Amino acid sequence: MATCRPARPVVQLLYIRYLANRPVEEIQCVAQTRRRHRCTSPLLTTKAQAGVWTLVPLATEPGQLPLAGAVLAVYSLTGLPYAEQLRWRAQRCPEHAAIPTAADVAVTEWELFDPLIHHEHIHTRLPTPTRRQAPADRGRNAAQP
Ligand SMILES: [Zn+2]
């Protein structure tokens, strides 16, 4: 069964919702490597703390009350340390987050999420987990988030 995940997820960081332009696992560092190429490392590494998918009430206008029952699936980084959220917004891998002098070769791809403009990217259900393992293997991985 293929993973059902948004191609362009809504990511919440520093209390702002952004529309990413690729799946969370594929968001790539924008820093320049010493060989003058764009770094190919993802933001989400096995060592980095991951965000959590959560459903939040959806309001169509800032300050407006959410529509009754309307929810939005967001990948929330709110639980991460402030520095980690800054790293995500700067779109840098852990290695380049530690090297502020490394230049960026690409602009960050975050787009402010607007429910009216980006309504096609509103998902009202959480992404379903990947089910690549056989049922017998599931217990072993149950402890993973
Ligand atoms: Zn990098």
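Residues numbered from 1 in each chain as written. Predicted model: local features only at pLDDT ≥ 70, side-chain atom pairs only at ≥ 80, totals over all residues. Heavy atoms only, no water.

### A short note on the pairing of strand β2 (residues 16-19)
Part 1 of the reasoning: Across four bridges, the pairing between strand β1 (residues 10-13) and β2 is antiparallel. In the strand pairing of β2, Gln12 is matched with Arg17.
Part 2 of the reasoning: Counting the residues in the hairpin turn of β1 and β2 gives two residues, including Leu14, whose phi is positive at 50 degrees.
Part 3 of the reasoning: In this sheet, strand β5 (residues 111-112) lies alongside β2 in antiparallel orientation, the contact comprising two bridges. Along β5, the bridge assignment pairs Tyr18 with Leu112. (Pairing = 2+ DSSP bridges. Helix = DSSP H or I, 4+ residues; strand = E, 2+ residues; numbered from the N terminus.)

### Examining the coordination of the zinc ion
Part 1 of the reasoning: Here the zinc ion is held by Cys29 (SG), Cys39 (SG), Cys93 (SG) and His96 (ND1), and the distances to it run 2.0 to 2.3 Å.
Part 2 of the reasoning: Between the four donor atoms coordinating the zinc ion, the angles at the centre fall across 103 to 115 degrees, so the site counts as tetrahedral.
Part 3 of the reasoning: Between consecutive donors of the zinc ion, the numbers of intervening residues give the motif C-x9-C-x53-C-x2-H. With Cys39 in the loop between β2 and β3 (52-57) and Cys93 in the loop between α1 (82-90) and α2 (94-97), the pair connects residues that are 54 residues apart, well separated along the chain. (Donors = N, O, S within 2.8 Å, 3.2 Å for Na, K, Ca; no water. Tetrahedral: all angles 85-135°; square planar, octahedral: opposite > 155°, others 65-115°.)

### Let's talk about the sheet that holds strand β4 (residues 71-76)
Part 1 of the reasoning: Taken together, the five strands give an open sheet; going across it, the order is β3-β4-β1-β2-β5, and neighbouring strands pair in mixed fashion. In this open sheet, the two edge strands, each paired with only one partner strand, are β3 and β5.

### Some remarks on the side chain of Glu84
Part 1 of the reasoning: Following the sequence through the fold, Glu84 ends up in helix α1.
Part 2 of the reasoning: There is a polar contact of 2.9 Å between the side chain of Glu84 and the side chain of Arg87.
Part 3 of the reasoning: Apart from residues lying up to four places away in sequence, Glu84 is in contact with Ala48 and Gln49. (Polar contact = N/O pair within 3.5 Å; in protein donor to acceptor, adjacent residues only side chain to side chain. Contact = heavy atoms within 4.5 Å.)

### Here's the deal with unusual backbone geometry
Part 1 of the reasoning: Positive phi values are uncommon outside glycine, yet Leu14 reaches one of about 50 degrees.
Part 2 of the reasoning: One can find Leu14 in the loop between β1 and β2.
Part 3 of the reasoning: On the basis of relative accessible area, Leu14 is assigned to the buried category, the value being 16%.
Part 4 of the reasoning: Phi is positive for Arg36, close to 70 degrees, though the residue is something other than glycine.
Part 5 of the reasoning: Mapped onto the secondary structure, Arg36 falls in the loop between β2 and β3. (Buried < 20%, exposed > 50% of the residue type's maximum accessible area, 1.4 Å probe, protein only.)

### Remarks on the packing of aromatic side chains
Part 1 of the reasoning: Tallied over the full model, the rule gives three aromatic pairs.
Part 2 of the reasoning: Taking the centre distance of 5.4 Å and the plane angle of 65 degrees together, the rings of Trp53 and Tyr75 count as edge-to-face. Linking Trp53 in strand β3 with Tyr75 in strand β4, this pair joins segments that are 22 residues apart in sequence.
Part 3 of the reasoning: A relative accessible area of 27% places Trp53 in the partly exposed class.
Part 4 of the reasoning: Centroid distance Tyr75 to Trp88: 6.3 Å. Interplanar angle 45 degrees. Geometry classified as tilted. Note that Tyr75 is positioned in strand β4 and Trp88 in helix α1, a separation of 13 residues in sequence.
Part 5 of the reasoning: We classify Trp88 as buried; its relative accessible area is 0%.
Part 6 of the reasoning: An aromatic cluster is built from Trp53, Tyr75 and Trp88, whose rings are joined through pairwise contacts. (Phe/Tyr/Trp six-rings, centres within 6.5 Å; stacked < 30°, edge-to-face > 60°.)

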